[in-house]
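So you can see what is in the structure, the chains are spelled out below.
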Amino acid sequence: MTAATPPTGGTRARPEPRADLALMAGYHSPQLDVRTRLNTNEAPGPPPSAFVDRLADVVAEVAWHRYPDRSYRALRTAIADQHGVAPDQVFAANGSNEVLQTVCLTYGGPGRTAAVFEPTYALHSHIARITGTGVAVGERAGDFSLDLTEVRRVLDEVSPAITFLCSPNNPTGMVEPEAVVRAVADEAPGLVVVDEAYGQFAPWSALELVDGDRPLVVTRTFSKTWSMAAARLGYLVGPAWLVAELDKVVLPYHLDAVKQAAGTVALEFVDDMRARVAHIVEERGRVTAALADLPVDVWPSGANFVLFRPRERAGDQVWKDLVDRSVLVRNCASWPRLDGCLRVTIGTQEDDDTFLSALREVLT
Ligand SMILES: *Cc1c(COP(=O)(O)O)cnc(C)c1O
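Residues numbered from 1 in each chain as written. Predicted model: local features only at pLDDT ≥ 70, side-chain atom pairs only at ≥ 80, totals over all residues. Heavy atoms only, no water.

Caption draft 1: Broad picture of the pairing of strand S7 (residues 216-221). For S7, a buried count of 6 out of 6 residues is recorded, marking the element as mostly surrounded by other parts of the structure. Side-chain alternation along S7 places Leu216, Val218 and Arg220 on one buried face and Val217, Thr219 and Thr221 on a second face that is also buried. By the bridge criterion, 4 bridges tie strand S6 (residues 191-195) to S7 in an arrangement that is parallel. Bridge pairing links Val194 to Val218 in S7. Sheet topology places S7 next to strand S8 (residues 234-237); 4 bridges connect them, and they run antiparallel. Within S8, the position partnered with Thr221 by the bridge is Gly234. (Buried < 20%, exposed > 50% of the residue type's maximum accessible area, 1.4 Å probe, protein only. Helix = DSSP H or I, 4+ residues; strand = E, 2+ residues; numbered from the N terminus. Pairing = 2+ DSSP bridges.)

Caption draft 2: Examining the environment of Leu38 more closely. In this fold, Leu38 is placed in strand S1 (residues 36-38). It is 30 Å that separates the C-alpha atoms of Leu38 and Val103, two residues lying 65 residues apart in sequence. Every residue in contact with Leu38, bar those within four places of it in the chain, is listed here: Leu328, Val329, Arg330, Arg343, Val344, Thr345, Ile346, Gly347, Asp351, Asp352 and Phe355. (Contact = heavy atoms within 4.5 Å.)

Caption draft 3: Region of interest: the domain arrangement of the protein. Per the domain assignment, the segments of the protein are domain 1 (28-47 + 271-363) and domain 2 (50-268). For domain 1 versus domain 2, the separation of C-alpha centres amounts to 25 Å. Contact with domain 1, which involves 25 residues of that partner, is made by 26 residues of domain 2. Of the roughly 2100 Å² buried where domain 1 meets domain 2, counting both sides, 64% is carbon and sulfur surface. Contact with domain 2 buries surface across domain 1, with Pro47, Met273 and Arg337 losing the most and accounting together for 29% of the total. The tally of links from domain 1 across to domain 2 stands at 1 salt bridge. The residue Arg337 makes a salt bridge to Glu139 at a minimum N-O spacing of 2.5 Å. There are 7 residue pairs in polar contact (both at pLDDT 80 or more) connecting domain 1 and domain 2. Looking at the side of domain 1 that touches domain 2, the elements with two or more residues in it are helix H9 (270-292) and strand S10 (305-310). Considering every element that reaches the side of domain 1 that touches domain 2, the biggest residue donor is H9, with 6 residues. (Domains from an automatic or database assignment. Buried area = accessible area lost by both parts, 1.4 Å probe. Salt bridge = Lys/Arg side-chain N within 4 Å of Asp/Glu carboxyl O. Polar contact = N/O pair within 3.5 Å; in protein donor to acceptor, adjacent residues only side chain to side chain.)

Caption draft 4: Representation of the site of the ligand in the model. Close to the ligand lie 13 residues, the nearest being Ser96, Tyr198, Thr221, Ser223 and Lys224. Separating an oxygen atom of the ligand from a side-chain N or O atom of Asn170 is a distance of 2.8 Å. In this structure, an oxygen atom belonging to the ligand sits 2.7 Å away from a side-chain N or O atom of Arg232. Within the complex, the protein chains bury 94% of what would otherwise be the 390 Å² of accessible surface of the ligand. Per-class residue counts for the shell around the ligand are 4 nonpolar, 6 polar and 3 charged. (Near = heavy atom within 4 Å. Areas by Shrake-Rupley, 256 points an atom, 1.4 Å probe, with all protein chains shown as cover. Nonpolar A, V, L, I, M, F, W, Y, C, P; charged D, E, K, R; others polar.)

Caption draft 5: Main features of the packing of aromatic side chains. With the rule as written, the count across this model stands at 7 aromatic pairs. Aromatic ring contacts, followed pair by pair, group Phe222, Trp226 and Tyr235 into a single cluster. Over the face of the ring belonging to Tyr253 we find Arg70, whose NZ or CZ atom lies 5.7 Å from the ring centre. (Phe/Tyr/Trp six-rings, centres within 6.5 Å; stacked < 30°, edge-to-face > 60°. Lys NZ or Arg CZ within 6 Å of the ring centre and 35° of its normal.)

Caption draft 6: Layout of the packing of helix H5 (residues 148-158) against helix H6 (residues 178-187). As a packed pair, H5 and H6 sit with axes 11 Å apart at the nearest point and diverge in direction by 15°. Classified by the angle between their axes, H5 and H6 sit roughly parallel to one another. Crossing handedness for the pair H5 and H6: right-handed. The segment H5 lies against H6, with Leu148, Val151, Arg152 and Leu155 engaging Val180, Ala183, Val184 and Glu187. Grouping the amino acids of the contact of H5 with H6 by side-chain chemistry returns 6 nonpolar, no polar and 2 charged. (Axes fitted to C-alpha atoms, helices over the stretch in contact; angles between N-to-C directions. Parallel < 35°, antiparallel > 145°, perpendicular 65-115°, else oblique. Left-handed = near helix turned anticlockwise from the far one by under 90°.)

Here it is, written out as structure tokens:
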């Protein structure tokens, strides 16, 4: 940034952003031009071509001069049917990040606090702060599991309006045990948000805990398992009374007609999605087993990525050496609590073999 010299002829100082944003860094994930991209947990392949064809037909019918269906009834109903809930228990937005933002705008804000347990998804605390919500940080145990004693300490100390859980947790891959999520759901004073961006890769889902009453929501996304990161679509399932509050806060017509169509059509291809997920889970087993033969520590994953830490070399250097071999993984080496760790997304068999042989070369 250069000094605040006013442009020619101008006399007014530049407006300052909100003071509480001044110390915040933006969300950062480098997108380098490499052959093998395994850094953002996307699906390795596109949705089926029949989906693309169907969507093209539907898009051809869009009434472009009209606003879209404000309450996105077709999409809402299709998502609700997937999960066996009522349409008024579903809230969708532009990526699950916008779902989380709407939750924070509605239930957080100035004078309220959100609890997170680190290390976890960086956007939970980031979005909370942007919405003026205070953030209370609890620590996970050394093996990255949630420690209920620590959870209770944070709940008692700050009485959070929102408690964020993430299962499987990003970036550790750990699936929270059902008993732990149930305990938090029973004891948290406010709203509990379970971020299940990777839910379909895991053996159980907190969707079982959603009912008409309990202040608990589960968020999901089309960005990972549905191979639709380009669409920017996510949703939550929760009690209808809560969804009604979110509907008041989100901008009118926030979901455009094409996105509504993309989501609705995607749900017709649920079997393809399940087959892709099953394949990735199998691939995850293969990559995890291969990593076990290398000098790295590996954390068991219930998601489509694996966290590992080189034992004999600095994570940062290993990351650079992989980039030199045109393989990009996520560099978590300098993140608090993740000293030296890297996170690799499960890709196609070919991507994963490229990654594994590059890593073998770098480490030996
Ligand atoms: C990728 C990811 C999301 C997805 O966000 P979108 O805005 O739906 O793309 C949400 N939560 C977690 C934990 C993630 O890793």
